[in-house]
Amino acid sequence: GAVVSQHPSWVICKSGTSVKIECRSLDFQATTMFWYRQFPKQSLMLMATSNEGSKATYEQGVEKDKFLINHASLTLSTLTVTSAHPEDSSFYICSASDRVANEKLFFGSGTQLSVL
Amino acid sequence: GQNIDQPTEMTATEGAIVQINCTYQTSGFNGLFWYQQHAGEAPTFLSYNVLDGLEEKGRFSSFLSRSKGYSYLLLKELQMKDSASYLCAVNNKAAGNKLTFGGGTRVLVKP
């Protein structure tokens, strides 16, 4: 199946710093990528939809200036958590759909962010 | 909007069968997914149903009834490694193929 690579797997940072998470589709072109956040023992909550070459669409309640998304190519989307705070500590997961069978999503391995 | 409901937790015995139900309400339905997620890991794809009926894949089967807004995931011959959360997710094509997840069902398999 298709592979989505997500880096880093985990990151620890100080409060106030910014963290960038990368999501790459390795063997297919992803017109759309989705970013999810998951708190412990909760399900995945969609944060934003990232479209190649255009601005991301954010879900209600998600601050676009805090969670910067860039989808510059058909194989790469990045999520930058700016001025991170302890409450931003969470598991962030990206997923991508390919241009051919865009019903099926493929997930990255996730990034565990801990803000001290 | 969308509403997806599934039980929070289920416990079953090794070797037994467990059925996880999922009910949903959505517009623009374009398929229902089941994912397995172990603690601290990303979800892994189990099944996809877009038409009514049963899809069987080894020990796992998934059923869909679009008219009832209902699906279930059936796990047979349970193994200890099947202890995980199982996520029901609905694809809304009208919203650009957004996948909305249910709260997940934590399945605990006991010896």
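Before reading on, note that the structure itself is shown above.
Now for a look at the structure at hand.

1. What to know about the overall build of chain A
Part 1 of the reasoning: Looking only at helices and strands, chain A has 0 helices and 11 strands in total.
Part 2 of the reasoning: Scanning chain A from its N terminus toward the C terminus, one meets helices and strands in the order β-β-β-β-β-β-β-β-β-β-β.
Part 3 of the reasoning: A compact globule built from 116 residues would reach a C-alpha radius of gyration of about 13 Å, and chain A, at 13 Å, matches this within 12%.
Part 4 of the reasoning: Its C-alpha atoms give chain A principal-axis dimensions of roughly 40 × 25 × 20 Å.
Part 5 of the reasoning: Buried residues in chain A amount to 50% of all 116 residues.
Part 6 of the reasoning: In chain A, the proportion of contacts linking residues at least 24 apart, taken out of those at least 6 apart, comes to 54%.
Part 7 of the reasoning: Taken as a whole, chain A presents about 5,700 Å² of accessible surface, with 52% of it coming from carbon and sulfur.
Part 8 of the reasoning: With 10 positive and 10 negative side-chain charges, chain A shows a spacing of 4 Å between the two charge centroids.

2. Structural notes on the state of the cysteines
Part 1 of the reasoning: Tallying each qualifying case throughout the model produces 2 disulfides over all chains.
Part 2 of the reasoning: The disulfide that involves Cys23(A) links it to Cys94(A), with 2.0 Å between the sulfurs. Torsion about the S-S bond of the Cys23(A) and Cys94(A) cystine: about 80 degrees, corresponding to right-handed handedness. Taken together, the positions of Cys23(A) in strand β3 (residues 19-25) and Cys94(A) in strand β9 (residues 90-98) put the pair 71 residues apart, joining distant regions of the chain.
Part 3 of the reasoning: Residue Cys94(A) is classed as buried on the basis of its relative accessible area, which comes to 0%.
Part 4 of the reasoning: Covalently, Cys22(B) is tied to Cys88(B) through a disulfide, its sulfur atoms 2.0 Å apart. One quick way to see it: the torsion about the S-S bond of Cys22(B) and Cys88(B) is about -70 degrees, and its sign makes the bridge left-handed. Residue Cys22(B) is found in strand β3 (residues 18-25), and its partner Cys88(B) is found in strand β9 (residues 84-92); the two are separated by 66 residues along the sequence.
Part 5 of the reasoning: Its relative accessible area of 0% is what places Cys22(B) among the buried residues.
Part 6 of the reasoning: Of all cysteine sulfurs, the one in Cys94(A) lies closest to Cys13(A), which takes part in no disulfide; the gap is 18 Å.

Each value, and the rule that gives it
Residues numbered from 1 in each chain as written. Chains lettered and ligands numbered in written order. Predicted model: local features only at pLDDT ≥ 70, side-chain atom pairs only at ≥ 80, totals over all residues. Heavy atoms only, no water. Helix = DSSP H or I, 4+ residues; strand = E, 2+ residues; numbered from the N terminus. Rg over C-alpha atoms; globule rule 2.2 N^0.38 Å. Buried < 20%, exposed > 50% of the residue type's maximum accessible area, 1.4 Å probe, protein only. Contact = heavy atoms within 4.5 Å. Areas by Shrake-Rupley, 256 points an atom, 1.4 Å probe, with all protein chains shown as cover. Lys, Arg positive; Asp, Glu negative; His and termini not counted. Charge placed at Lys NZ, Arg CZ, Asp CG, Glu CD. Disulfide = S-S within 2.5 Å.

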